[in-house]
Amino acid sequence: MNDLLIDSADGVMTITLSRLEKKNAFTQDMYQKISEVLNQSRESVDVRVVIIQGHETVFSAGNDINDFLGRSPSGVSAVLNFLTSISTFPKPLVAAVCGPAVGIGTTMLFHFDLIYAGDNAAFSMPFVNLGICPEAGSSYLAPRMMGFPRAAEALLLGEPFLAESALEMGFINRIVPPREAASLAQRQAQKLADKPLGSLLATKRLMKKGQDSILAERIKAESDTFAMLLQEPAAREAFSAFLEKRKPNFSKM
Ligand code: COA
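Residues numbered from 1 in each chain as written. Predicted model: local features only at pLDDT ≥ 70, side-chain atom pairs only at ≥ 80, totals over all residues. Heavy atoms only, no water.

Draft legend 1. Region of the structure containing the sheet that holds strand β8 (residues 161-162). Strand order in the open sheet made by the three strands is β5-β7-β8, with mixed pairing throughout. The open sheet has two free edges, formed respectively by β5 (100-102) and β8, since each of these has just one partner strand. (Pairing = 2+ DSSP bridges. Helix = DSSP H or I, 4+ residues; strand = E, 2+ residues; numbered from the N terminus.)

Draft legend 2. Structural view of the site of the ligand. The ligand sits among 15 residues. The nearest are Lys22, Ala61, Asn63, Ile65 and Lys245. Contact between the ligand and Ala61: a nitrogen atom at 2.8 Å from a main-chain N or O atom of the residue. A distance of 2.8 Å is found between a nitrogen atom of the ligand and a backbone nitrogen or oxygen belonging to Ile65. Notes on the ligand: free accessible area 870 Å², of which the protein chains cover 66%. When atoms are counted within 2 Å of each cavity's grid points, the one that captures over half of the ligand is the largest pocket. Across the shell around the ligand, the residue classes break down as eight nonpolar, two polar and five charged. (Near = heavy atom within 4 Å. Polar contact = N/O pair within 3.5 Å; in protein donor to acceptor, adjacent residues only side chain to side chain. Areas by Shrake-Rupley, 256 points an atom, 1.4 Å probe, with all protein chains shown as cover. 1 Å grid on protein atoms, 1.4 Å probe; cavity = no way out; pocket = protein on both sides within 12 Å on 5 of 7 lines; lining within 4 Å. Sits in = over half its atoms within 2 Å of the grid points. Nonpolar A, V, L, I, M, F, W, Y, C, P; charged D, E, K, R; others polar.)

Draft legend 3. Broad picture of the pairing of strand β1 (residues 4-9). Bridging between β1 and strand β2 (residues 12-17) involves six bridges; their strand directions are antiparallel. Bridging from a neighbouring strand, Leu4 pairs with Leu17 of β2.

Draft legend 4. Highlighting helix α3 (residues 73-87). Between the first and last C-alpha of α3 there are 21 Å, a value that for 15 residues agrees with the 21 Å anticipated at 1.5 Å per step. Listed in full, the buried residues belonging to α3 are Gly75, Ala78, Val79, Phe82, Leu83, Ser85 and Ile86. One face of α3 carries all of its buried residues, which in axial projection span an arc of 165 degrees. In this structure, the buried side of α3 is in contact with α1 (28-43), β3 (49-53), β4 (93-97), α4 (104-107) and α10 (212-230). (Expected span 1.5 Å × (residues − 1). Buried < 20%, exposed > 50% of the residue type's maximum accessible area, 1.4 Å probe, protein only. Arc of directions from axis to C-beta. Contact = heavy atoms within 4.5 Å.)

Draft legend 5. Highlighting the environment of Lys22. Tracing the backbone through its elements, the reader meets Lys22 in the loop between β2 and α1. When the C-alpha positions of Lys22 and Val50 are compared, they lie 24 Å apart, and in sequence the two are 28 residues distant.

Shown next as structure tokens:
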């Protein structure tokens, strides 16, 4: 798997999205591999903290659009497994995000504990523009974290929000020049890795307590709706338009 680089040192596992020619768009194999390594890391004494990062110019263009067009039931479960692994991961998750973070590139971040962003970071959840709906529990978490009006701009209008507003909303921790985001994430992750693991696990569990079952239910409901909308003409039109590099035409839908 060349689309992901995985490194482990001193208790910190770093997963780097490395499919730059397609702007780090996620394939089913990438979802599957990340789920696998996260599931192995849950119990591993060698991994205390996980970092996910992209490139200085782009975090991720979200789900691969070709993959959306041909998504099979196994594709649906690859994404669902990925989201479950991330949203229930018991150890700290740290992200370094620069450039565009589109779709699942943003929604996965709702489950991270620390997010360091380059000043070029642009977060977007353009699901409605693609004829689909939010995922990763973002329909539940975005209004609560961002406030309903801003969540509506992000989720209904599909408008991007930049690093400054993400910081102001409390969605990210800090903004730095893009070339410094990965090293800052490493330093912060190392601080976490040096702390007593039992205490970290208990604290994260307590901080998240109360929303676990609501989230699991919402992620499943979103996934069912998403799978249904993927088959509708609006989504087919939106994906074809992207691949044909033209504007979609929803006038008959
Ligand atoms: N799926 C598949 N291919 C993708 C992709 C995606 N999500 N995002 C980008 N690519 C491909 C492009 O088709 C292009 O391929 P090509 O070189 O073979 O033509 C290549 O990656 C570069 O993309 P491009 O759009 O030219 O880069 P950019 O720097 O101008 O823009 C983005 C970067 C991320 C803003 C833009 O690619 C984008 O909006 N992508 C789609 C995001 C999206 O809607 N994702 C789904 C969310 S649910």
